[in-house]
Amino acid sequence: MSTYTATTPQDLETMLAEIGVASIDELFAALPEGVRLGRPLDLPAGLPEQDVYAHLRELAERNVSAEDELTFLGAGMYDHYVPALIDMLMSRSEFLTPYTPYQPEISQGGLQVMFEYQTAISELTALPVSNASVYEGPSAVASAAYLAKLANGRRKVVVSRGVHPHSRETLLTYAHGYGAEVVEVGLKDGVTDAEAWAAAIDDDTGAVIFQQPNFLGAVEDAAALAEAAKGSSAVVVGAYDPIPLGILRPPGECGVDVAVGEGQPLGNRLDFGGPSFGFFAATEAYLRRMPGRIAGETTDVDGRRGFVLTLQTREQHIRREKATSNICTAQALNALAGVVYLAWLGRRGLVELGELLLQRTHYARERLTALDGVEALHDQPVVREFALSLDADVRRVIERCQDHGVNPGYALGDDYPEHPGGLLVALTEQRSRADIDRLADVLGAAVAAERTTAQVTA
Amino acid sequence: MSEALTTGASPLQREQAVTVFEKGAPGRRAFACPELDVPEADPAALLPAGLRRSEPARLPEISEPELVRHYVRLSKRNFDLDSGFYPLGSCTMKHNPRLHERVAALPGHARLHPLQDPDRAQGALELMWRLERSLSEIAGLPHVSLQPSAGSHGELAGVLLTRAYHEDRGETRHKVLTPDTAHGTNPATVTMAGYEVVKVGTNADGGVDIDDLRAKADEDVACLMLTNPNTLGIFDQNIEEIARIVHGVGATLYYDGANLNAVMGRSRPGDMGFDIVHFNLHKSFTQPHGGGGPGSGPIAVSDRMEPYLMKPVIRRVQGSNGHAPRFELDHDRPKSIGRLRGFQGNYGTFVRAYAYIRSLGAEGLQDASETAVLNANYLLARLRALVGAELPAAFGTLCMHEFVLSGAPMKKELGIRTLDLAKRLLDHGFHPPTVYFPLLVDEAMLIEPTETETKETLDAFAEAVAAIVAEAREDPAIARNAPYTTPVRRLDEAGAAKRPVIRQPL
Amino acid sequence: MADASYPDGLLYHPEHDWARVEGDVATFGITWYAQDSLGEVVFFEPPEVGTQTKQGEPYAEVESVKAVSDVIAPLSGEIVEVNAGLGDKPEVINEDPYGEGWMVKVKLSDAGEADGLLDQAAYTATLS
């Protein structure tokens, strides 16, 4: 008996008698001899709670977290401050431990949170339709392309090279399955090459996908990218970072049909990549083509306001092979953190945060590009992240910075071989001017040292 | 008793639902923005007007105390596993140990950036590697990828691996077989992966109809997706024969691991002949489900599927000269199907699942499955004794970790449907079982008690079901109009679907 | 919801669809039995005017809260009109399945096909 089960020998005897068998083994009699394991699993013996805690803490201590260094890593997930009330609400058992709200009468809390979340995402994106969340960002991009495939049946997906590499890889994986061709459009001066983009869109194009800001931190001219697709039947998909949406023109005002994105920056911790949530919003035209759960408002038999899962005939448990998606599990708990975070920031706070990041990002870019051997990789507007080009081995520069307790950002060379000296630097409100100044000192010294070493070696 | 459960509006019922967008007042706030500590540049120069938002998003304006109270009050309108029995079939609502929340929240896990240099994330990679090895042993399959975000995502991985496997052998196949008892995610996944669904029938014992399978298994079949025990709670005794038939035509055999909680330590999908297995960490390995996610759906595969696994994969590199082994992320996988999502998967769920496996160990996991099966059979026996003919088991007298009752006789004899019984259970403080699934059984009720429930709870649930049936013999209207005591009563779902209101009008 | 009824003078398809033939145009809908099995209809996805129907094949979808059902064409032809009123009030499919709940009007392409359909007596016999 583990501490999570409760059958006493007396219970066991009573229960077996009630069932009418002599032993537990008899309950497994249906298993054919050939598929019985017949030995204990080869796993370590169970441990008491305090020993498991010690082991997991020891593993945690062998990670360098955002608490242990001054980090400017972003590239899709960002070290924003998570307010204490989110920790408190997410750990409430009423939010933490239910399953999907199949019984609305006893799930009004969760269903109303979904409804509020959908409202918040609609506001953020200026798009009227939002679902209750999907897994995370990159798979949301791939799911948007699948929506387009089902909506218009066209086989080609045009994707900007400014879209997160993980999103592009995920899109390729999905598209290979349902039989779509993915065509990539390159970047020019840090943003999607407008001419190549327009040229790539044809009668065969079912979806066009860009990212805002793009992976190199540049703000794209979303309205122009959408406009280029307007003559075609392509669904215009934008993958958005939600934080800068406080100050950036929202997708719904740019001609974007479907806006998706990684929700982690909204009150979710880094968690080494998940769980977080993906948001998925669209124009009215795609209401019945949305993947995933959607909560809707209604009334009960006594006329009380209430909420239910609605438009379920889209979903796999009803429409099966004709479903709009195979998705079953949403990310309700993470989406709860998302809507609480947006309410916590509030109408003015989201704008203030965006303006603060805009100023600090500008300051950081100015400060770092003033260093010897450091240049801006592009000159486009940036709002929270920017790309540099280093005249030194980027990996070794990063290591040198890390030796001084600073993680300067993400090396771009693996994903963008055309930018071997690329370094992507991200800001959050947790990185102050003093932190930026410290980064400048450490990075400047690291680049200088690396260049000296390189000269000596040469 | 029934009178007490049908009269009077409770305080929660008197409270009208008000959303966060209807609370607060202009000017209120919970967030204090850090001050501008850098020299201010002209905002319009940094971000031209054409790229800017003209009106702020109409988010709430609300103070922190209001915000806390709003969501705490909302939370009280939820039923949850910590406060009551939750026998939702196929969902494995077992206890969620609080230790898991504590260890997952340690900053070394919770604030670790996913793009941290692997050398500086060795604890995380080792944890993932160890979890992979444990899942491999439990499944009886050598290779594991933790990447998929949920069970259905694992299914997609499995079918895409199948596609890659056949394509690599120069074969084009078009069909995937699924039993008519399958979870809806199976056929939906098949379509997403570009295959055509072909349904296989069910025999009188609740297993796969072998003759039908033989007739449909041909060289155009890429895969058979199966849950075993299946969604009827029946272990398919012909599994070895099924594997022979499927492998005989060169197809892969896919195991939907939703029901793994029935067989841990007793039998392994790999030993049954499966090539691909997905785990639902939020079911078998007790990740709290958060009111509808997050989930986590790692897969385990056989050697022949390994080259196609998602990238990156974790490698353990033996240390030299007495150094500890290192863990790396290997991206160099030319035959890989690629990625299914960003980063390395839902790491926070891996921490919890790993903690669970280390807490239970080999013996504890086996005990969990055995107790789950014991509890299900005991509850089935109690219901048979207390309720009897109106609510019979759909198949057999014994079950695995869950069982299906048919409410068809109850509907005919007493005039209450399975839905009515489910709603009346709410007044008794229980979460109802899964209803109207599997589709194969008329007025189905799928009950999965799990191993973490006490005998007393199972007894109380059986008695509540019996009381409701007895009550319906007297007055079926009581159940038909239930529930009475919940924060809201039956909701107009048709109205919600006809004229969808899916956001707060602002 | 209306009581069970199967008007005389209509032609019935065994998949619970009806056709009212007037000259070379027929009106289609679903039978009382079909709407009753489905439950409260919440959405009707109409086809586009100009698309072809083929006898025995689906031409539209009708949804209740928890089910989706194909609507089968009793006869072949070209859709010349769809019932736009069902968009806002799909419930009339339940309330008046043979009247206001009609779905499409079709210009028939093969008058001979009608011979394969059931009359009221033959259809109601299949229901018992």
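Chemist: Looking at this structure, how should I read the domain arrangement of chain A?
Modeler: One frequently used descriptor of interface size is the decrease in accessible area upon assembly of the parts. All names here are of chain A. Examined at the domain level, chain A breaks down into domain 1 (84–341) and domain 2 (347–457). Once you take the C-alpha centre of each, domain 1 and domain 2 turn out to be 30 Å apart. Taken together, the 24 residues of domain 1 in the interface contact 25 residues of domain 2. Buried area between domain 1 and domain 2, both sides added, is near 1800 Å², and the carbon and sulfur share of it is 65%. Interface area lost by domain 1 to domain 2 is led by Phe215, Leu216 and Ile247, which between them contribute 33%.

Chemist: How should the sheet that holds strand β16 (residues 410–411) of chain A be read in this particular structure?
Modeler: Within a sheet, adjacent strands bond to each other through the backbone by hydrogen bonds, running parallel or antiparallel. All names here are of chain A. On the basis of which strands lie adjacent, the open sheet formed by four strands has the order β13-β14-β17-β16 and antiparallel pairing. Two strands in the sheet have a free side with no partner beyond their single neighbour: β13 (374–376) and β16. As paired elements, β13 and strand β14 (residues 385–390) share three bridges and run antiparallel to each other. Opposite Glu375, over in β14, you have Ser389 as the bridge partner.

Chemist: I keep staring at the interface of chain B and chain A and nothing clicks. Help me out?
Modeler: Listed by partner, the interface residues are 205 residues for chain B and 191 residues for chain A. Of the roughly 17500 Å² buried at the junction of chain B and chain A (both faces included), carbon and sulfur atoms supply 61%. Connecting chain B to chain A are 17 salt bridges. In this structure, the connection of chain B to chain A is made through 107 residue pairs in polar contact (both at pLDDT 80 or more). Broken down by element, the side of chain B that touches chain A gets its largest block of residues, 27 residues, from helix α12 (residues 347–386) of chain B. Among the residues forming the side of chain B that touches chain A, the class breakdown is 102 nonpolar, 56 polar and 47 charged.

Chemist: Is there a simple way to think about the interface of chain A and chain C in this case?
Modeler: Listed as interface residues are six residues of chain A and, on the opposing side, nine residues of chain C. Summed over both sides, the interface of chain A with chain C buries roughly 650 Å², with 46% coming from carbon and sulfur. Summed over the three residues of chain A that lose the most area to chain C, namely Arg288, Thr313 and Arg319 of chain A, the buried surface amounts to 61% of that side. For the pair chain A and chain C, the number of links is four salt bridges. Across the pair Glu61 of chain C and Arg319 of chain A runs a salt bridge whose closest N-O atoms are separated by 2.6 Å. Connecting chain A to chain C are four residue pairs in polar contact (both at pLDDT 80 or more).

Chemist: Just to check I follow, could you spell out the environment of Ala464 of chain B for this structure?
Modeler: Residue and element names in this part refer to chain B. Positionally, Ala464 belongs in helix α15 (residues 455–474). Of the residues examined, Ala464 reaches a relative accessible area of 5% and is grouped as buried. Along the backbone, Ala464 and Glu363 are 101 residues apart, and their C-alpha atoms lie at a distance of 33 Å. Those residues in contact with Ala464 that sit more than four places away from it in its chain are Leu425, His428 and Phe430.

Calculation criteria
- Residue indices follow the written sequence of each chain, beginning from 1 at its first position.
- Here chains are named by letter from A upward and ligands by number from 1 upward, in the order in which they appear as written.
- Under the rules for a predicted model, residues below a pLDDT of 70 receive no local features and side-chain atom pairs below 80 are neither given nor counted, while totals for whole chains, interfaces and linings still include all residues.
- Processing note: side-chain calculations cover all non-hydrogen atoms of the structure and skip hydrogens and water entirely.
- Where each domain begins and ends is defined by an automated method or by a domain database.
- By the convention used here, residues are in contact when the closest approach between their heavy atoms is within 4.5 Å.
- Two parts placed together each lose some accessible area; with a 1.4 Å probe, that loss summed over both constitutes the buried area.
- Any two strands with at least two DSSP-identified bridges between them are counted as paired.
- Runs of E in the DSSP output that reach at least two residues are strands. Runs of H or I that reach at least four are helices, and both are numbered from the N terminus.
- A carboxyl oxygen of Asp or Glu within 4 Å of a side-chain nitrogen of Lys or Arg is what we treat as a salt bridge.
- N or O atoms closer than or at 3.5 Å make up a polar contact, with two conditions inside protein: a donor-capable atom paired with an acceptor-capable one, and, for residues adjacent in sequence, both atoms drawn from side chains.
- Three residue categories are used. Nonpolar comprises Ala, Val, Leu, Ile, Met, Phe, Trp, Tyr, Cys and Pro, charged comprises Asp, Glu, Lys and Arg, and polar comprises the others, including Gly.
- Each residue's exposure class comes from its accessible area (1.4 Å probe, protein chains only) as a fraction of the maximum for that residue type: buried when under 20%, exposed when over 50%, partly exposed otherwise.

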